[in-house]
Amino acid sequence: MDELASEIRSFIIEKVSEHGGHLAANLGVVELTMALHRCMDFPEDKLIFDVGHQAYTHKILTGRRKDFDSLRELEGLSGFPKRRENPCDAFDTGHSSTSISAAVGFAAARDLRGTNEKICAVIGDGSMTGGMVYEACNQLSQLKSNLVIILNDNEMSIDRNVGGVSKYLNRMRVGASYNEFKTNLENVLMNIPEVGEKMAKGLKKSKDSIKGLFVQGSFVEEMGITYIGPVDGHNIKEMTKTFRKAFRLNKPILVHVRTTKGAGYKYAEKYPEHFHGVDPFDIETGRSLTRKTRATYTDVFGKKLRSLGEENEKIVAITAAMAHGTGVSYFQKSFPERTFDVGIAEQHAVTFAAGLAAGGFIPVVAIYSSFLQRAYDQILHDVCLQGLHVIFAIDRSGIVGRDGETHQGIYDDAYLADMPGLIVIEPKNAFELSAAFDLAVSCDGPVAIKYSRGYAYRGLISNEKLEVGKAEIISGCIPETCCSTDKVQNAEAETSNVSEQTEKKRVALFACGNMVEEAVKCRDKLISQAGIEPLFVNARFIKPLDETMLRNITGKFDIIAFAEETCEAGSFGERAVVIIQDELSKLLTGEKYELGSTKEDIRIPKVINFCIKEETVPQGSVDELRDQLGISADKMAETIMNSL
């Protein structure tokens, strides 16, 4: 078993070094997963991993070793459990604190069917701060049949664990002395003739009092869940024995397992935060093979937040266990007393921020787009309905890439666009991101600023000051009238479907955030291949829309296109079309004419919304996914030219 564990660990290090992925979490649970596989039969039994980024060993042991050559690639092996990928993956996971709830559901289904499969949830100590854990445990206490929870205690989530749960687990770790004491005392008593057995039974009755001396108030046992542990998470024999015993007991069990995150690879053990999720790296040195040539949007935000903190003592920062991942660590080093890491608790983070704002401070809540989804009600109920001055720094907005469906930040427009009083800004580059935070601090109410993963774009520098709800014209212009008598020769154009002499077509191209950089390439293709320079607009504000500009362009363009990396429902384009339709209706009914134009001069536009029309977006590189979704520069230019 130890030899196999070593082979698996080496294999994981090799494949992650080639493809990138989650390393430290997977290295920490090799023996733990092997022990579970010795006690469970798949796919009949059900194993649910919380978050799921620690499932590599499980995938190897269920016949997917050969698939690791396509790890996290388009149409390749997912870095998370996927039911469609293999029947041994019982439940799709990607966000934290969900496994116990799902496991309780599996157990209820099993009991209703009258079957007897084993059900197990593996959850890390970092996930224990999520409120769903306690909601699930509250119901679990009513369950009268077996369900095993493995608490994988490595003192880590992504950053170091914080708060009361972490301190509580530190006390529980001392419970080893209680367990040793109880076992030794029972053995001694059982060997005393005649009275020993009675004394041992009396000891069992008073075990709660003894446990109180060593483990102060075990909340799991108070909720009707039997606690076992701590157990050495790298001792396969000990864990196998413990797990088999746990599965035989006809009641809910929590087994507390101690592991080392990054175990077996010295760099991952020493720097578990860095090796949580990595790009391809050199195994010998641990250094990334992806050279960081310029700052990311996360870096730009982190440094800007720090400078804002120097200027304004009312600014405070909030992170949900991801100070490094979100860039809050820059601020944290300078202002530790004004930085709050609330653990994996996004809902609490937002309402906590609302309380700070009501108390006179300006909280900046930095959370990834896909994780902020969890706090929808808190954003609406606790922040926006009260008009509180909370700033949301939404990292990883748009296509994230290789982590797949659960991490793509493509739904934030849909859940932010209708929030009352919320200003939503999507900057086009690093400089505009910095200016957006200056504007957000100067506002009175809630502001959300969303930006993508990866390097910060530094093109299209503009000194134009941000004004709430005002878009920016990057190139081209808005014609004064609807009509045009201009004729254009098109002999050198590459598009064969355009006649040699035709009325000049007009194209307006709006782009949002990180799609501005992609739209620049699309604009240049339209100029070189179709001889048409579009009106090119940086939308800047997802909410409020620049209604004045949208009404001003209506009737004057043959094609109006919107480029954005978000789902169609609630998108900028979807909401902009409503304004364009209203204005067009006024023009066509004669309610409104401009500079001598007639109804016949009005151009009825073809609207193209370059956004994500698929319900989910799989894993893959950002470029691959954009091309597949039809929102790459090439695909956008091709679609527009075909529409001409």
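Read on for an overview of the structure. All of these numbers come straight from a predicted model, not from anything done at the bench. (Residues numbered from 1 in each chain as written. Predicted model: local features only at pLDDT ≥ 70, side-chain atom pairs only at ≥ 80, totals over all residues. Heavy atoms only, no water.)

## Thoughts on empty space enclosed by the protein
All chains considered together, the criterion is met by five cavities of 30 Å³ or more. When its volume is computed, the largest cavity comes out at roughly 70 Å³. Its residues placed into classes, the lining of the largest cavity shows three nonpolar, five polar and three charged. (1 Å grid on protein atoms, 1.4 Å probe; cavity = no way out; pocket = protein on both sides within 12 Å on 5 of 7 lines; lining within 4 Å. Points joined across faces, edges and corners; volume = space filled by probe spheres on them. Nonpolar A, V, L, I, M, F, W, Y, C, P; charged D, E, K, R; others polar.)

## Here's the deal with the packing of aromatic side chains
The tally for this structure, following the rule as stated, stands at 15 aromatic pairs. Ring geometry for Phe 340 versus Phe 352: centroids 5.2 Å apart, planes at 80°, classification edge-to-face. With Phe 340 in strand 9 (residues 339-341) and Phe 352 in helix 17 (residues 346-358), this residue pair connects regions lying 12 residues apart in the sequence. Here Phe 340 falls in the partly exposed class, since its relative accessible area comes to 28%. For Phe 352, a relative accessible area of 25% puts it in the partly exposed group. Over the ring of Phe 335 we find Arg 338, and its NZ or CZ is 4.3 Å from the ring centre. Sitting over the face of the ring of Phe 431, Arg 458 holds its NZ or CZ atom 5.4 Å from the ring centroid. (Phe/Tyr/Trp six-rings, centres within 6.5 Å; stacked < 30°, edge-to-face > 60°. Helix = DSSP H or I, 4+ residues; strand = E, 2+ residues; numbered from the N terminus. Buried < 20%, exposed > 50% of the residue type's maximum accessible area, 1.4 Å probe, protein only. Lys NZ or Arg CZ within 6 Å of the ring centre and 35° of its normal.)

## Some words on the pattern of salt bridges
Scanning all chains against the criterion turns up 36 salt bridges. Salt-bridge contacts for Asp 524 lead to Arg 523; the nearest nitrogen and oxygen are separated by 3.1 Å. On the basis of relative accessible area, Asp 524 is assigned to the partly exposed category, the value being 37%. For Arg 523, a relative accessible area of 14% gives the class buried. The salt bridge involving Glu 565 is made with Arg 626; its shortest N-O contact spans 2.6 Å. (Salt bridge = Lys/Arg side-chain N within 4 Å of Asp/Glu carboxyl O.)

## Some points on the nonpolar core
By size, the foremost hydrophobic cluster in this structure holds 61 residues, and its most contacted members are Phe 301, Phe 437, Ile 449 and Ile 640. Residues contacting Ile 640, with those up to four places away along its chain left out, are Val 507, Cys 522, Leu 526, Ile 559, Ala 561, Ile 608 and Phe 610. (Core = buried A, V, L, I, M, F, W, Y, C linked by side-chain atoms within 4.5 Å. Contact = heavy atoms within 4.5 Å.)

## Regarding the sheet that holds strand 2 (residues 46-49)
Spatially, 2-3-4-6-5 is the arrangement adopted by the five strands of the open sheet, whose pairing is parallel. Pairing within the sheet leaves two strands with one partner each, and these edge strands are strand 2 and strand 5 (226-232). When the angles between neighbouring strand axes are averaged without regard to direction, this sheet yields 20°. Pairing between strand 5 and strand 6 (residues 252-258): five bridges, direction parallel. Bridge assignment links Thr 226 to a residue of strand 6, and that residue is Ile 253. (Pairing = 2+ DSSP bridges. Axes fitted to C-alpha atoms, helices over the stretch in contact; angles between N-to-C directions.)

## Regarding a positive patch on the surface
Taken together, the side chains of Arg 38, Lys 237, Lys 241, Arg 244, Lys 245 and Arg 248 make up a positively charged region of the molecular surface. Of note, Arg 244 is situated in helix 12 (residues 236-248). (Patch = residues over 30% accessible without salt bridge, like charges linked within 9 Å, V, L, I, M, F, W, Y side chains within 5 Å. Areas by Shrake-Rupley, 256 points an atom, 1.4 Å probe, with all protein chains shown as cover. Lys, Arg positive; Asp, Glu negative; His and termini not counted. Charge placed at Lys NZ, Arg CZ, Asp CG, Glu CD.)

## Things to note about the packing of helix 1 (residues 2-19) against helix 4 (residues 56-64)
Where helix 1 contacts helix 4, the two axes come as close as 11 Å, and the packing angle between them is 110°. Relative to helix 4, helix 1 is oriented roughly perpendicular. Of the residues in helix 4, those in contact with Ile 8, Phe 11, Ile 12 and Val 16 of helix 1 are Tyr 56, Thr 57, Ile 60 and Leu 61. When grouped by side-chain class, the residues that make up the contact of helix 1 with helix 4 number seven nonpolar, one polar and no charged. (Parallel < 35°, antiparallel > 145°, perpendicular 65-115°, else oblique.)

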